[in-house]
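Summary of structural features
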Amino acid sequence: MKIVSTTAAPAAIGPYSQAVVVNDLVFTSGQIPIVPATGAVAQGGIADQARQSAENVKAVLEAAGTDCSAVIKTTCFLADMKDFAVFNEVYAQYFTGNPARSCVAVKDLPKGVLCEIEAVAVIKQ
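From a predicted model like this one, the values you see are computed outputs, not experimental measurements. (Residues numbered from 1 in each chain as written. Predicted model: local features only at pLDDT ≥ 70, side-chain atom pairs only at ≥ 80, totals over all residues. Heavy atoms only, no water.)

This part takes up the environment of methionine 1. Locating methionine 1 in the fold gives a position in the segment before β1 (2-4). Taking relative accessible area as the criterion, methionine 1 reaches 78% and is therefore assigned exposed. The spatial distance from the C-alpha of methionine 1 to the C-alpha of valine 21 is 5.7 Å, given a sequence separation of 20 residues. Apart from the residues lying within four places of it in its own chain, the contact partners of methionine 1 are Val20, Val21 and Val22. (Helix = DSSP H or I, 4+ residues; strand = E, 2+ residues; numbered from the N terminus. Buried < 20%, exposed > 50% of the residue type's maximum accessible area, 1.4 Å probe, protein only. Contact = heavy atoms within 4.5 Å.)

Rendered as structure tokens:
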């Protein structure tokens, strides 16, 4: 197992890794819309926060040696299911391979954010 760490995505806010690589698979931790350069939550609504969360996933995947096109499964968390359609518009721009996905509404997310995305991807050979 290899631990993935990059300054291009927010540091973990607990006792976990940004991602781990096992064999040819990358398992990312959930990425919330924190701007890595400032440590602040991305300003704006669900579209802005979904974009930042996806950018953070993208940065972690790149640090692991792969990218969003190699994602095979995502799990997405929304603070409000009313944001589903707008979230999907942004999500579709990043995860173009149409990976398997679960998307659920949750009561609360860390730092009061509107969304969180985690992914499993294949390391490209």
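Having seen it, we continue.
A few words now on unusual backbone geometry. Even without a glycine there, the phi angle at asparagine 23 is positive, about 55°. Here asparagine 23 is to be found in the loop between β2 (19-22) and β3 (25-28). Asparagine 23 sits in the exposed class, given a relative accessible area of 76%. Of note, asparagine 98 is a non-glycine position whose phi angle comes to about 50°, a positive value. Exposure remark for asparagine 98: the relative accessible area of 68% places this residue in the exposed category.

Attention shifts here to the sheet that holds β2. The sheet built from six strands is open, its strands ordered β1-β2-β3-β6-β4-β5 with mixed pairing. Of all strands in the sheet, those with a lone pairing partner are β1 and β5 (100-105), marking the two edges. Within this sheet the neighbouring strands show an average axis-to-axis angle of 15°, counted without direction. Sheet topology note: the β3/strand β6 (residues 115-122) ladder contains three bridges and is antiparallel. Across the sheet, the residue bridging to phenylalanine 27 is valine 120, located in β6. Against the sheet, helix α1 (residues 46-64) engages β1, β2, β3, β4 (71-78) and β6, with an angle of about 30° to β6. (Pairing = 2+ DSSP bridges. Axes fitted to C-alpha atoms, helices over the stretch in contact; angles between N-to-C directions.)

What follows concerns the nonpolar core. Counting 28 residues, the largest nonpolar core has Val26, Leu61, Phe87, Phe95 and Ile117 as its most contacted members. Here the element with the most residues in this core is α1; it accounts for eight residues. Beyond its immediate stretch of four places on either side in the chain, phenylalanine 87 contacts Ile46, Ala50, Cys76, Leu78, Arg101, Cys115 and Ile117. Ile32, Ile34, Phe77 and Leu109 belong to the second-largest nonpolar core, a separate cluster that totals five residues. (Core = buried A, V, L, I, M, F, W, Y, C linked by side-chain atoms within 4.5 Å.)

Turning our eyes to something else, we now look at the pattern of salt bridges. Under the counting rule described, the total for this entry stands at one salt bridge. With its nearest N and O atoms 3.9 Å apart, the salt bridge here joins arginine 51 to aspartate 48. Of this pair, arginine 51 and aspartate 48 both sit in helix α1, three residues apart, which is roughly one turn of that helix. (Salt bridge = Lys/Arg side-chain N within 4 Å of Asp/Glu carboxyl O.)

Our next topic: the packing of aromatic side chains. In this structure the tally under the stated criterion is two aromatic pairs. The interplanar angle of 35° and the centroid separation of 6.0 Å between the aromatic rings of phenylalanine 87 and tyrosine 91 together place this pair among those described as tilted. Placement of both phenylalanine 87 and tyrosine 91 in helix α2 (residues 84-94) is noted, with a separation of four residues, approximately one turn of the helix. In this structure phenylalanine 87 comes out as buried when scored by relative accessible area, which is 0%. Given a relative accessible area of 9%, tyrosine 91 falls into the buried group. For the pair tyrosine 91 and phenylalanine 95, a centre-to-centre distance of 4.7 Å together with 35° between the ring planes defines the contact as tilted. Note on accessibility: tyrosine 91 and phenylalanine 95 belong to one class, buried. Aromatic ring contacts, followed pair by pair, group Phe87, Tyr91 and Phe95 into a single cluster. The positively charged end of arginine 101 is found above the aromatic ring belonging to tyrosine 91, 4.6 Å away from the centroid. (Phe/Tyr/Trp six-rings, centres within 6.5 Å; stacked < 30°, edge-to-face > 60°. Lys NZ or Arg CZ within 6 Å of the ring centre and 35° of its normal.)

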